[in-house]
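# Secondary and tertiary structure notes
Residue-level listing of the chains:
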Amino acid sequence: MGGTEVNETDSTFAIEATDLTKHFGDVVAVQDLDLAIEPGTVYGFLGPNGSGKTTTMRMLTTLTRPTSGEARIAGIPITDRNGVIEHVGYLPEEPPLFDELTAGEYLRHVAALHDIPGDEADERIADYLDRFDLAEAADRRISGYSTGMRQKTGLVGAILHEPSVLLLDEPTSGLDPRAARTVKDLIAELAAGETTIFLSTHILSVVEELADVVGVLHDGRLVAEGSPAALKQQAEEGTGDTLEDVFLAVTADHTEEYASAEPEAAADGA
Ligand SMILES: Nc1ncnc2c1ncn2[C@@H]1O[C@H](COP(=O)(O)OP(=O)(O)OP(=O)(O)O)[C@@H](O)[C@H]1O
């Protein structure tokens, strides 16, 4: 729309999914998920325990292969693992850190994996460690870190290569209020700079504060999507008007509704 030549990718979406599906044997983790998320969006991804959020994020970050369906990150199909990894940062709920390393060593290792030149890596690492109050602990082994320190180290590792799409699983859980504030401010700052943030959390106040769009997953299916304001407005009368009310209403009981839509029960397959 701006008229200037930007990049000529097919996709205008930062995250795009079509009929994305993952089954683990008989378990339907994610079913026919469609997403079309604009660059710079903070997308709040909500859903009850076991609704398929982590599985979705693992598919979008190429860690789990979908059973069927397609997805693209920054226009790159998730089948192109190296291509996607360059553009994506992922903070899982329990970041897989190397306990025997110090945070400084771990982050330099991450920087090397992403081919970030040494000087630049050192500068970014020092800035983030400082910002996350980790500078003093940077030369201590991760094995002695608290949950919050591990979480913050994982987050720095996820953003170090300045990905255009960042997927965060419970980024503020286990953090004290000051650290949580730092993370929320960082999310807002990155989104203002056109980073797309896909944020899964059970802490609805974080979503209220940050999300431009909210999607609610239930039993692997997207049962509601829209801006927080629109979702609250659409909520049926009497279901209340907070995001929590919306969440509780749309995830209340969809079992009957979906019973007839189970793909494997459909007659057209075999
Ligand atoms: N590797 C696996 N093998 C078998 N089943 C799995 C596997 N991973 C996930 N599942 C199942 O898929 C479903 C979705 O799980 P998932 O972890 O994606 O949910 P979630 O929404 O992230 O949950 P939570 O909010 O508790 O983290 C669950 O029924 C889970 O038991």
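Quick notes on the rules
Residues numbered from 1 in each chain as written. Predicted model: local features only at pLDDT ≥ 70, side-chain atom pairs only at ≥ 80, totals over all residues. Near = placed C-beta within 6 Å. Helix = DSSP H or I, 4+ residues; strand = E, 2+ residues; numbered from the N terminus. Nonpolar A, V, L, I, M, F, W, Y, C, P; charged D, E, K, R; others polar. Buried ≥ 20, exposed ≤ 12 C-beta atoms within 10 Å, placed from the backbone. Expected span 1.5 Å × (residues − 1). Arc of directions from axis to C-beta. Contact = placed C-beta atoms within 7 Å.

The name given to the protein chain in an unreviewed UniProt entry is ABC transporter related, and the organism recorded there is Halorhabdus utahensis.

## A look at the site of the ligand
In the vicinity of the ligand, the contacting residues are F24, V27, A29, G47, N49, G50, S51, G52, K53, T54 and T55. Only strand 2 (27–37) and helix 1 (53–60) provide two or more residues apiece to the shell around the ligand. Ranked by residues supplied to the shell around the ligand, first place goes to helix 1 with three residues. For the shell around the ligand, the residue count by class is three nonpolar, seven polar and one charged.

## Observations concerning unusual backbone geometry
A positive phi angle, near 50°, is found at A74, a position not held by glycine. Among the structural elements, A74 can be located in the loop between strand 4 (68–73) and strand 5 (76–77). The exposure class assigned to A74 is buried, which follows from the 21 C-beta atoms found within 10 Å. Positive phi, close to 55°, is recorded for D133, a residue that is not glycine. By the secondary structure assignment, D133 is in the loop between helix 4 (118–131) and helix 5 (147–159). A count of 15 C-beta atoms within 10 Å places D133 in the partly exposed class.

## A few points about helix 4
Structural remark: α-helix, 3.6 residues per turn; residues separated by three or four positions point the same way. With 14 residues, helix 4 should reach 20 Å at 1.5 Å per residue; the first-to-last C-alpha distance of 20 Å fits that figure. Regarding helix 4, the residues found buried are I125, Y128 and L129. Down the axis of helix 4, the sector holding all buried residues measures 100°, keeping them to one side. Residues of helix 4 that are exposed and point more than 90 degrees away from the buried face comprise D119, E120, E123, D127 and D130. On its buried face, helix 4 is in contact with helix 3 (103–113) and helix 5. Phi turns positive one or two residues past the end of helix 4, at D133, with a value near 55°.

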